Amino acid sequence: MGLPAEGEVTMLELPRPPAILDILEEHLSELDFLWEQRERFVFSPDWTLKELAAHEQRAEAHLDGLRIGAANSVDIARPALTADETGLATAATFVLMAFDSVELEREVLQAMNTAPPKSRDGIRIGLHHCDMKRLAAELADMATAGEPAVRAAALDVLAFHRLPPPKGIPMLLGDPDPGVRRLVYDAAGRFGGPWSYDVLAAALDSEFPALRIAALRASARMGLMGLDDSCRQAGTRLQNPVPEALEFLGVLGNSKDLAVLQNAMTRPELVDAALSGMGKLGLVVAIPTLLDAMAREPIAHAAGRAFVRMTGVALAEISSADAAAPAEPAKARAWWEKEKSRFTAEGRWQAGFDVAKTPFGENFDALPLDARLEVYLGARAKDPQKTPDRELEKRHPVTVTLAGS
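Residues numbered from 1 in each chain as written. Predicted model: local features only at pLDDT ≥ 70, side-chain atom pairs only at ≥ 80, totals over all residues. Heavy atoms only, no water.

### Focus on the confidence of the model for the chain
- Mean pLDDT over the chain works out to 93, with 94% of the residues at or above the 70 mark.
- Within the model, pLDDT remains below 50 along residues 1-7, and this stretch shows five contacts once partners closer than five positions in the same chain are excluded.
- Predicted confidence for residues 399-405 stays below pLDDT 50, and this span has twelve contacts to residues more than four positions away or in other chains. (pLDDT = per-residue confidence, 0-100. Contact = heavy atoms within 4.5 Å.)

### Things to note about the packing of aromatic side chains
- Counted by the stated rule, this structure contains ten aromatic pairs.
- Judged by centre distance (5.0 Å) and plane angle (90 degrees), the ring pair of phenylalanine 360 and phenylalanine 364 falls under edge-to-face.
- On the basis of relative accessible area, phenylalanine 360 is assigned to the partly exposed category, the value being 30%.
- For phenylalanine 364, a relative accessible area of 2% gives the class buried.
- By the ring-pair criterion, three or more aromatic residues cluster together here, those being Phe307, Trp335, Trp336, Phe343 and Trp349.
- Here the guanidinium or amino end of arginine 390 rests over the ring plane of phenylalanine 360, the centre of that ring lying 5.9 Å away.
- One residue, arginine 395, lies across the ring of phenylalanine 94, its end atom 4.7 Å from the ring centre. (Phe/Tyr/Trp six-rings, centres within 6.5 Å; stacked < 30°, edge-to-face > 60°. Buried < 20%, exposed > 50% of the residue type's maximum accessible area, 1.4 Å probe, protein only. Lys NZ or Arg CZ within 6 Å of the ring centre and 35° of its normal.)

### Some details on helix α7 (residues 136-144)
- Buried within α7 are the following residues: Ala136, Leu139, Met142 and Ala143. Buried residues in α7, looked at end-on, bunch into an arc of 120 degrees, giving them a common side. Facing away from the buried side of α7 by more than 90 degrees, the exposed set consists of Ala137 and Asp141.
- Contacts from the buried residues of α7 go to α5 (102-114) and α8 (148-160).
- Just downstream of α7, glycine 146 is the residue with a positive phi angle, here 105 degrees. (Helix = DSSP H or I, 4+ residues; strand = E, 2+ residues; numbered from the N terminus. Arc of directions from axis to C-beta.)

So, in structure tokens, the structure goes:
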């Protein structure tokens, strides 16, 4: 393991202040709960960046409490690293990584190498949001040897931090485990490769929706030429069409794709994806189609969500008091008649904002989190050279004071 570098904290130096252990355990439990929520909602249609930041600050307050506990907190968090609970392992990772100790950092990395699958996933998520510079070489070693699931987790962390990619990624792109392939697709998208049309085609033929979505997003990040054509073909083919590809066409497409999406509504297996794609496309010429679809079960929910996605209207304004109820066509039409004058036909509308000309303008961070991601991916797909590489999953930086400092 070697000697710690100058400025690093060793376990011998970590203080053990007087502490009520039950309170530290409660902090860890709350951090677990809040971070699991955060991962579920990081690209939610119901949250904005401001709401996500407020949630993260609540989690950070509990982590601050654990920092104060210092060595006591490490003792409580250490067994949680391998308890086979994803959120708990994430919380424990944050604790052990909070003290600038190379010994504790390596302990976390070793746990990711040996932990059960849920714990490994939690550690991977936690490492997304910690400083990994000192562990880059060891992570690269993990990514090139050993079990594919461990290699994929290490690759994912390296890619999230935009650290240099190791060799051997192509071998994992065809791994039989869909969970491994999903992480490797995500990593390839962030690294900028390796990738090919064959990998995308194989993913779109997969039976796993999460794998299909990961491949589409990776292709968009890399600016794969002809991705919109691939989505048109896969999303509308006669045999085994891919709903995710049709929906993603709304992220990538242009005005001519509205007809593609409308035609797909005649196919029951594609109608929800077609409506969602219209919301992502954001052209007001699609509003009459959405209003008509709100009166048709079972597609009323999908039509209402697409209408909200485009216009930004609060669902409560166009539905009954029951939050689970679909939008009511009459209320939606009345709202549209009142507000439509501010929606230009030339715009591309997301949550009531026009993102056609300036997708990363002042309204970008006000978009719902799912729309924010897809506006970004659409821009990357069209012009990766002019669209900066951004990591939208990063947590918000918080200035902290370590225990004993």
